[in-house]
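# Examination of the molecular architecture
Below, each chain spelled out in residue letters.
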Amino acid sequence: MSQGIVIIPTYNEIENIESIVRAVFALSTPFHVLIVDDNSPDGTAQKVVELQREFPERLHLENRAKKSGLGTAYVHGFKWALQNNFDYIFEMDADFSHNPKDLERLHEACVNGADMAIGSRYVTGVNVVNWPLNRVLMSYFASVYVDFIMGMKIHDATAGFVCYKRNVLETINLDKIKFIGYAFQIEMKYRTFVNKLKIVEVPIIFTDRTKGQSKMSNAIIKEAIFGVITLRLKKIFNTL
Ligand SMILES: Nc1nc2c(ncn2[C@@H]2O[C@H](COP(=O)(O)OP(=O)(O)OP(=O)(O)O)[C@@H](O)[C@H]2O)c(=O)[nH]1
Ligand SMILES: [Mg+2]
């Protein structure tokens, strides 16, 4: 049987970790979960170790020494998932912005022919709950900007709720991925697009986190703005 694994990067998610893990394991599809924790000072990883006693087969933990960004945490998780022979590999946040129930809809899209299924906020209008207007606008226009520079027609280019079929991650040189924030999400989609793989957007409702701290920063926004141009130039000069 083909197996799916949900990768959840964490930094100081003690208020969310137990409920998010339980929410995934409550689904009828028996997904595995891989937590990639960056030595969170609040004890997130210790909580995962505790939960592993209850879910010894399906809950996995990778510890990294220090906070190194969401992008590299995912790259670490992707390599782990490929090595451990998973067929469907998911990205999901720990903070319940992504509804774990939607994992099954993303999975279904990939089982039915998509190589990459994106949980998208902007396919049918704007499906974002409780975000300040400036964040909604920035996030919405990020995709317009991505289309303008890269010619990639994806409604939600910075989405971080994704299902990949393993072939997508096998065809991307993961060692080249260095971005840490939204630029990472755009880069993964761009490389999938450039490789002419099938990308499908599945409409989801995104809700702002209610517990724990956001790790968004101006540096992440800057990285995205210049990152898109860098990726486009690399493609033009054949060094992507
Ligand atoms: N391992 C690891 N995880 C991280 C790092 N930065 C963020 N994360 C995790 O990545 C996920 C998304 O981070 P958020 O802070 O929610 O970022 P965001 O969703 O863009 O921002 P908000 O909407 O404000 O919550 C969460 O599960 C975080 O715990 C990091 O440096 N290392
Ligand atoms: Mg979040």
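- Naming follows an unreviewed UniProt entry, where the protein chain appears as Dolichol-phosphate mannosyltransferase of Flavobacterium cauense R2A-7.
- Per its UniProt entry, the protein chain bears the Sequence similarities (unreviewed entry) comment "Belongs to the glycosyltransferase 2 family."

## Comments concerning the UniProt feature "domain: Glycosyltransferase 2-like" (unreviewed entry) in the protein chain
- Following the UniProt record, one finds the feature "domain: Glycosyltransferase 2-like" (unreviewed entry) at residues 6-171.
- The span residues 6-171 shows a helical share of 39% and a strand share of 19%, and its end C-alpha atoms are spaced 20 Å apart.

## Examining the nonpolar core
- Ranked by internal contacts, the top residues of the largest apolar core, which has 38 residues, are F78, I89, M150, Y164, F184 and M188.
- Counting residues per element, this core draws most heavily on helix α3 (residues 70-83), which supplies 7 residues.
- Every residue in contact with F78, bar those within four places of it in the chain, is listed here: I7, I89, E91, Y164, L169, L174, F184 and M188.
- Grouped together as the second largest cluster of nonpolar side chains are 36 residues, V6, I35, L51 and F90 included.

## What to know about the sheet that holds strand β8 (residues 199-203)
- Ordered in space as β3-β2-β1-β4-β7-β5-β8, the 7 strands form an open sheet in which the pairing is mixed. Among the strands making up the open sheet, the edge pair consists of β3 (59-63) and β8. For this sheet, the mean inter-axis angle between neighbouring strands, taken without regard to orientation, is 20 degrees.
- As defined by bridge partners, strand β4 (residues 88-91) adjoins strand β7 (residues 162-165) across 4 bridges and the pair is classed as antiparallel.

## Here we look at the site of ligand 1
- As a matter of local geometry, ligand 1 sits amid 21 residues, with E13, D38, R135, S214 and K215 nearest to it.
- The separation between an oxygen atom of ligand 1 and a polar side-chain atom of D93 is 3.3 Å.
- Between ligand 1 and A94 there is a distance of 2.9 Å, counted from an oxygen atom to a backbone nitrogen or oxygen.
- Out of a free accessible area of 640 Å², ligand 1 has 94% covered by protein chains.
- Every element with two or more residues in the shell around ligand 1 is listed here: β1 (4-10) and α3.
- Split into classes, the residues belonging to the shell around ligand 1 amount to 9 nonpolar, 4 polar and 8 charged.

## As for the packing of helix α5 (residues 133-150) against helix α8 (residues 218-236)
- Across the interface, α5 lies against α8 with an axial gap of 10 Å and an inter-helix angle of 15 degrees. By the angle between their axes, α5 is roughly parallel relative to α8. With respect to the hand of their crossing, α5 and α8 are arranged in right-handed fashion. In this structure, α5 uses M138, Y145, V146, I149 and M150 to contact α8, whose residues at the interface are I221, I225, V228, I229, L231 and R232.

## Some words on unusual backbone geometry
- The backbone phi angle of N12 is positive, close to 55 degrees, even though this residue is not glycine.
- Among the structural elements, N12 can be located in the loop between β1 and α1 (17-25).
- With a phi angle near 55 degrees, N39 is a residue other than glycine that sits in the positive phi range.
- Inspection of the secondary structure assignment puts N39 in the loop between β2 (32-37) and α2 (44-52).

## Some thoughts on the pairing of β7
- Relative to β7, strand β5 (residues 116-120) is paired through 3 bridges, and the arrangement is antiparallel. By the bridge assignment for β7, I118 is matched with V162.

## Remarks on α2
- Turning to α2, its buried residues number three or more, namely T44, A45, V48 and L51. Down the axis of α2, the buried set is contained in an arc of 115 degrees. They therefore lie on one face.
- The secondary structure elements touched by the buried residues of α2 are β1, α1, β2 and β3.

## Some points on the pattern of salt bridges
- Throughout the structure, instances matching the rule amount to 15 salt bridges.
- For R64, the salt bridge is made with D38, and the minimal N-O distance between the two is 2.7 Å. Here D38 lies in the loop between β2 and α2 and R64 lies in the loop between β3 and α3, a separation of 26 residues in the sequence. Neither R64 nor D38 differs from the other in exposure class; each is buried.
- Connected through salt bridges with shared partners, the residues E18, R22, K47, E50 and E54 form a single ionic network.

## A short note on the environment of M216
- Counting through the fold element by element, M216 comes out in the loop between β9 (206-207) and α8.
- The exposure class assigned to M216 is partly exposed, which follows from its relative accessible area of 27%.
- For the pair formed by M216 and K176, sequence separation is 40 residues and the distance between their alpha carbons is 23 Å.
- Setting aside residues no more than four positions away along its own chain, M216 makes contact with R135, M138, Y182 and I221.

Conventions used here
Residues numbered from 1 in each chain as written. Chains lettered and ligands numbered in written order. Predicted model: local features only at pLDDT ≥ 70, side-chain atom pairs only at ≥ 80, totals over all residues. Heavy atoms only, no water. UniProt positions renumbered as here; feature names shortened; annotations may be inferred. Helix = DSSP H or I, 4+ residues; strand = E, 2+ residues; numbered from the N terminus. Core = buried A, V, L, I, M, F, W, Y, C linked by side-chain atoms within 4.5 Å. Buried < 20%, exposed > 50% of the residue type's maximum accessible area, 1.4 Å probe, protein only. Contact = heavy atoms within 4.5 Å. Pairing = 2+ DSSP bridges. Axes fitted to C-alpha atoms, helices over the stretch in contact; angles between N-to-C directions. Near = heavy atom within 4 Å. Polar contact = N/O pair within 3.5 Å; in protein donor to acceptor, adjacent residues only side chain to side chain. Areas by Shrake-Rupley, 256 points an atom, 1.4 Å probe, with all protein chains shown as cover. Nonpolar A, V, L, I, M, F, W, Y, C, P; charged D, E, K, R; others polar. Parallel < 35°, antiparallel > 145°, perpendicular 65-115°, else oblique. Left-handed = near helix turned anticlockwise from the far one by under 90°. Arc of directions from axis to C-beta. Salt bridge = Lys/Arg side-chain N within 4 Å of Asp/Glu carboxyl O.

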